[in-house]
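# Descriptive analysis of the structure
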Amino acid sequence: MNILKFGGTSVGSVESIKALIEILKQEKGAENPIVVLSAMGGVTNSLLAMAEAAKDSADYVEELKKVEKKHFDVIRALLPAGAQNPVLTKLKIYFNELEDILQSVYNLRELSLQTKDLILSYGERCSNVMISHIAKQHFANAIYVDGAELIKTDSNFGQAKVNTQLTEILIQDFYQSNTDKLLFVTGFISSNEEGRVTTLGRGGSDYTAAIWGAALNAAEIQIWTDVDGMLTADPRIVKKAFSLPELSYTEAMELSYFGAKVIYPPTMTPAFLKRIPIVIKNTFNVDFEGTYIKHGTQVSNLPIKGISSIDEISILNLSGSGMVGKAGFSGRLFSLLSREQVNVVLITQSSSEHSITFAVKPSDALKALALINKEFELELQARKLEYPEVENGLSILAIVGENMKRTPGISGRLFSALGRNGVNIRAIAQGSSEYNISVIISHSDLSKAVNAVHDAFYADLKKTLYVFCLGTGNIGKTLFAQLQHQMPFLAKNNDLQVKVMGLSNTRKMYLNAEGIGLENWEADLEAHGEPAELADFVKKMKAMNLPNCVFVDNTASHNPIQFYRDILQSSISVVTCNKIGNSAEYEQYAAFKNAARKHGVDFYYETNVGAGLPIIRTLKDLMMSGDRIASIEAILSGTISYIFNSFKGDRLFHEVVKEAQDKGYTEPDPRDDLNGKDFMRKMLILARDAGYALEERDVTIESMLPEAALNAATVADFYQELENNASFFEKLKQEAATGNKVLRYIGKLESGKVAITLQMVDDNHPFYMLSGSDNIISFTTDRYKERPLVIKGPGAGAEVTAAGVFADIINVGKR
């Protein structure tokens, strides 16, 4: 025989009640099941609101009419006209009684716990009367059972304690007299020895099911709700949360205690003692097998079973020398709180015995503070104890699982996930059983923390990177196209998902908490975007407080640079192709690096030097592996590379420069490329990454152009000066050709000095064979001494630059 309990959502509408009837029709067993029902969804809250309104002399009549109509609408929808009258009459009697009680509360302006229990009991009574009559249309033996008459408790109204021995006798006797009946039992409600209605507290209907199950030694207790069993985390917070096939009683108890709202911990105790399995099933997804809570679960390969949380919590910290070595101090403190009905959720104490931190519900915090100040008045006045303070706005996050026991690295993985995402831990607690590690964090960080920890422990799931992008020009557009194309590959081979959450250009910005689809991002930005304001964009990005967050700068503007440090200090990684920040003052460059290191995030800028070429990463790997850099030589300007590779034979220098401009290799004013400033910035970044604290003034630049050309008033005048100085360039070309050499504009870092000079190199030099607009870099190190390590390829262009940014984003994901 099984116990089937249906929660408020499972009896809350016409459709859900139809589903309930179908479930009962499918129930197979040698004996009839026992059906325990909650009040209709939302009714208990309405009854509570009406009671409080009546106490405050406020209107409750309209709400009462709504509740009554809710029940009557179901009856009229599910019962034929000829069968409606008996149940409508019974319900009308209940609602009249309820109205009388509320009127009494209204008149007296007093609401005792006893009266509140009586008012709340009508929710379960009405739903059970209604549904048992509806069930009679399908099961002739269906009867209504007032559970309050069979579950006997003390007189602790609102949270009554069950008299187990008497209750089991009453339930067994009643059941033996009605074995041929299909019993519909009211959940949640009970009565004391005088027959006055009491309630079983939060999760009371589940508790009713467990009490009946234990009394009758049921085969299993089924809890029918609106979710697919117990999940790895709250699905409202973690979209990737998945259902667990089974849990031990201990695991379920721990998860439920720390906020998993599918089942309430005390409800499991009767089943636990009798070793009766509890199954969490979904009324709206009957094909789902359910989560089994039982003894003897199978060995799981999951490192933890779930992540649970308590949304709102307050902590009090008691510290002082008067606690050190003082036997019985903790007992005195917690006996006081227990005596005054203050429930302590979590306790942690320093090994020095100098302080005790404990967590309570926010509603109990000030009461606990007052009790401590009174109990320890002498110690506080003598300064043996510091005056305690209440800290609010906190939450508890807990990871739970039997596999945590004696498994190294679990706590390290937890703290690493929280630390990398900038989540500060206020207190930590772990029992010696090792089934649970609990941390207290800021409430504002809860969603981010739960998602980060979920990603850290469930490696089989796709990790999500949340990306905010500045710049929708050529590089930005190309990046989005590459991301969209590569998404399936990343999901399949890297278990990685990249979700764009925000976009901005100089005109509009658009942020969406659900993510921005890359197939229509331009239309969405245009349709839903608001006027672009960079400070506001950064503020909103931080306010989303997402885990694994990446800020991507695809601009060449000075404006975003001012926000880099603040973004990094907010535990958000930065990926940038904008070289302005790293090539400005060394102090700023160092500040970015230090902020990233201190806050455990990434600052990646591979594309600052060679677009998609792996130059920065190679330099870093060489240095990290202990190699010593002797020198670095590089050509890091595609424009200059193209010009000198094409300046051959009969071609004139000014003709080659004009051709490069016509092909789009140069800026509108070619001098912006040919003056060597952009090349200098790249060499400066390389030098800094190699460990040298250089400034722009420390870099020597040999100009390849005559002064007259550099100082020309217009671009046309510039070309004229190049033509006027044709003999100067011809002489260089001829001199190089005579010696079987080629002209190359080379940057060199050696012994902490950087120089960019025009050189003539022969075929022994690695740069001799350079062609087209390629970039090239040569590392001479202790390991690569005779034959330098050379990297060569396109150093500019939207495709390769976007690919470099893409690679940096993926490398954040790998961390």
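This section reports on the structure supplied with the text. (Residues numbered from 1 in each chain as written. Predicted model: local features only at pLDDT ≥ 70, side-chain atom pairs only at ≥ 80, totals over all residues. Heavy atoms only, no water.)

## With respect to unusual backbone geometry
Generally, phi is negative for residues other than glycine and the peptide bonds are trans, each holding for most cases. Selection rule: Only runs of H or I of at least four residues qualify as helices and only runs of E of at least two qualify as strands under DSSP, and these elements are numbered from the N terminus. Three labels apply to residues, based on accessible area from a 1.4 Å probe with only protein chains included: buried if under 20% of the type maximum, exposed if over 50%, partly exposed otherwise in between.
The phi dihedral of Phe188 falls on the positive side, at around 75°, and the residue is not glycine. Topologically, Phe188 is positioned in the loop between β4 (182-186) and β5 (189-191). Classification of Phe188 by relative accessible area gives buried; the value is 11%. Within the chain, Arg275 stands out as a residue other than glycine whose phi angle is a positive 55°. As for its position among the elements, Arg275 is in the loop between α9 (265-274) and β9 (278-282).

## Examining the packing of aromatic side chains
Rules: Stacked, edge-to-face and tilted labels apply to pairs of Phe, Tyr and Trp rings (six-membered ring for Trp) whose centres lie within 6.5 Å, assigned for plane angles under 30 degrees, over 60, and everything in between, in that order.
Taken as a whole and judged by the stated rule, the model has 23 aromatic pairs. Summarising the aromatic geometry, the rings of Tyr60 and Tyr106 are spaced 6.2 Å apart at their centres and angled 65° between planes, so their arrangement reads as edge-to-face. Placement of Tyr60 in the loop between α2 (43-55) and α3 (61-78) and of Tyr106 in helix α4 (residues 81-108) is noted, with a sequence separation of 46 residues between them. Residue classification places Tyr60 among the buried residues on the basis of a relative accessible area of 4%. Overall, Tyr106 belongs to the partly exposed group, its relative accessible area being 31%. Taken together, a centroid distance of 5.0 Å and an interplanar angle of 35° make the contact between Phe329 and Phe376 tilted.

## Observations regarding the sheet that holds strand β13 (residues 355-360)
Operational definition: Between any two strands, pairing holds if DSSP finds at least two bridges. Here an angle of 0 to 180 degrees is reported between the N-to-C directions of two axes, which are lines fitted to C-alpha atoms, with helices fitted over the stretch in contact.
Strands sit in the order β12-β13-β11-β14-β16-β15 across an open sheet of six strands; the sheet is antiparallel. Edge strands, defined here as strands with exactly one partner in the open sheet, are β12 (344-349) and β15 (425-430). Here the strands of the sheet are splayed against their neighbours by 30° on average, with no regard to which way each runs. Of the strand pairs in this sheet, β15 and strand β16 (residues 436-442) are connected by five bridges, and their pairing is antiparallel. From the neighbouring strand, Ala427 faces β16, where its bridge partner is Ile440.

## Points about helix α16 (residues 521-528)
Going by this rule: For this quantity, the arc is that covered by the directions from the helix axis to the C-beta atoms. Two residues form a contact once any of their heavy atoms are found within 4.5 Å.
Of all the residues in α16, the buried ones are Trp521, Asp524 and Leu525. Down the axis, α16 shows its buried residues gathered within 100° of arc, on one side only. On its buried face, α16 is in contact with α15 (474-493), β18 (496-504) and β19 (508-511).

## Let's talk about the nonpolar core
What counts is decided by this rule: Throughout, nonpolar core names a set of buried Ala, Val, Leu, Ile, Met, Phe, Trp, Tyr and Cys residues whose side chains join them through atoms within 4.5 Å.
In terms of nonpolar packing, the biggest core is built from 77 residues, with Phe551, Phe653, Met683, Leu686, Phe718 and Leu722 touching the most fellow members. A per-element tally of this core places helix α26 (residues 677-689) first, with seven residues. Residues contacting Phe551, with those up to four places away along its chain left out, are Phe468, Leu470, Phe537, Met541, Tyr564, Ile567, Ile572, Ser573, Val574 and Val575. Counting 63 residues, the second-largest nonpolar core is a separate cluster that includes Ile34, Tyr175, Leu244 and Met268.

## What about the packing of α3 against helix α5 (residues 113-136)?
Helix-helix packing is described using two parameters, namely the angle between the two axes and the distance between the axes. Counted only if it meets this: When an angle is under 35 degrees it counts as roughly parallel; over 145 it counts as roughly antiparallel; between 65 and 115 it counts as roughly perpendicular; any other value is oblique. Gly is put with the polar residues, along with every residue not named as nonpolar or charged; the nonpolar set is Ala, Val, Leu, Ile, Met, Phe, Trp, Tyr, Cys and Pro, and the charged set is Asp, Glu, Lys and Arg.
Close contact between α3 and α5 brings their axes to 11 Å; oriented N to C, the two are set at 5°. Here α3 lies roughly parallel to α5, going by the angle between them. Contacts between α3 and α5 pair His71, Val74, Ile75 and Leu78 from the former with Cys126, Ser127, Met130 and Ile134 from the latter. The class makeup of the residues in the contact of α3 with α5 is six nonpolar, two polar and no charged.

## Considering the pairing of β9
The buried fraction of β9 amounts to five of the five residues, a majority that puts the element mostly inside the structure. Here β9 shows two buried faces, one formed by Ile278, Ile280 and Asn282 and the other by Val279 and Lys281.

## Description of the sheet that holds strand β25 (residues 699-701)
If you trace the six strands from one edge of the open sheet to the other, you get β25-β27-β26-β24-β28-β29, paired in mixed fashion. Two strands lie at the open edges of the sheet, namely β25 and β29 (789-794), each paired on one side alone. Ignoring which end each strand starts from, the neighbouring axes of this sheet average 20° apart. Direction of pairing for β25 relative to strand β27 (residues 753-761): parallel, over a ladder of three bridges. When the sheet's bridge partners are listed, Thr700 is paired in β27 with Ala755. α26 rests against β24 (629-635), β25, β26 (742-750), β27 and β28 (774-781) of the sheet, and its axis sits at about 35° to β26.

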